[in-house]
Amino acid sequence: MRTRRTLTATSAIALVAAALASGAVTLAPAASAKGLEVRTSGTCSAGATWTLKAKQDDRRIRVELEVDSNRVGQRWSVALSDNTIPVRSGSAVTTAPSGSFTVRSLVTNRAGSDTIRAYARYAATGQECRATVVYPG
């Protein structure tokens, strides 16, 4: 009869620490077959949350802004810019089941680092979200 063993959080941390100390494991930034991805997240002015991601997609950058207010049916104004150049503006509506929306855009990968900024505003309450991520050049 075989006995099953479970790995506790403490023993898992000890195992990873030992592997790192021995040089058997190294940690690296998240990357995929399509290239580097950078992301950041935060809280809007009245409690909604946002996540902004930028990921290499061929010679462009795929930008994704998600805002989650936990309220379905809210219409938000949204704007994206890359190195102060407007790349998208419009509106988005939060949908069920999570009360969130996602805006995606492909932008030109400009020379050097790209500073991607996102702004979202829910006019009914004045709630604002401001996000920035830097995609390295």
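Scroll up a little and you will see the structure.
Notes on the structure in this doc start here. (Residues numbered from 1 in each chain as written. Predicted model: local features only at pLDDT ≥ 70, side-chain atom pairs only at ≥ 80, totals over all residues. Heavy atoms only, no water.)

Structural notes on the pairing of strand β4 (residues 60–68)
Note the cut-off: For two strands to be treated as a pair, DSSP must find no fewer than two bridges joining them. Helix numbering and strand numbering both begin at the N terminus, where a helix is a DSSP run of H or I of at least 4 residues and a strand a DSSP run of E of at least 2.
As defined by bridge partners, strand β3 (residues 49–57) adjoins β4 across nine bridges and the pair is classed as antiparallel. If you follow Ala54 over to β4, its bridge partner there is Val63. Linking β3 back to β4 in an antiparallel pair, the connection comprises two residues, with Asp58 at a positive phi of about 55 degrees. For β4 and strand β7 (residues 100–108), the ladder comprises nine bridges, and the chain directions are antiparallel. When the bridges of β7 are listed, Arg60 appears paired with Thr108.

Brief notes about the pairing of β3
Examined bridge by bridge, strand β2 (residues 35–43) and β3 share seven bridges and lie antiparallel to one another. By the bridge assignment for β3, Gly42 is matched with Trp50. Counted along the chain from β2 to the antiparallel partner β3, the turn is five residues long, and its residue Gly47 has a positive phi close to 105 degrees.

Topic: the environment of Asn83
Cut-off, in case you're wondering: Between buried and exposed lies partly exposed: a residue is buried under 20% and exposed over 50% of the maximum accessible area for its type, with that area taken using a 1.4 Å probe on protein chains only. Contacts between residues were defined by any pair of non-hydrogen atoms, one from each residue, lying within 4.5 Å. Pairs of N or O atoms are called polar contacts if they sit within 3.5 Å, as long as, within protein, a hydrogen donor faces a hydrogen acceptor (for residues adjacent in sequence, only side-chain-to-side-chain pairs).
Among the structural elements, Asn83 can be located in the loop between β5 (75–82) and β6 (85–93). Judged by relative accessible area, Asn83 falls into the partly exposed class, the value being 26%. Taking the C-alpha atoms as reference points, Asn83 and Arg117, 34 residues apart in sequence, are found 8.0 Å from one another. Discounting chain neighbours no more than four positions away, the residues touching Asn83 are Arg110, Ser113, Asp114 and Thr115. Among the polar contacts listed, one links the side chain of Asn83 to the backbone oxygen of Ser113, at a separation of 3.4 Å.

Here's the deal with unusual backbone geometry
That bond from Ala96 to Pro97 is cis: its omega, 0 degrees, falls within 30 degrees of zero. Residue position: Pro97 is located in the loop between β6 and β7. Even without glycine at this site, Asn70 takes up a positive phi of about 60 degrees. Relative to the elements of secondary structure, Asn70 occurs in the loop between β4 and β5. Although it is not a glycine, Asn83 adopts a positive phi angle of roughly 50 degrees.

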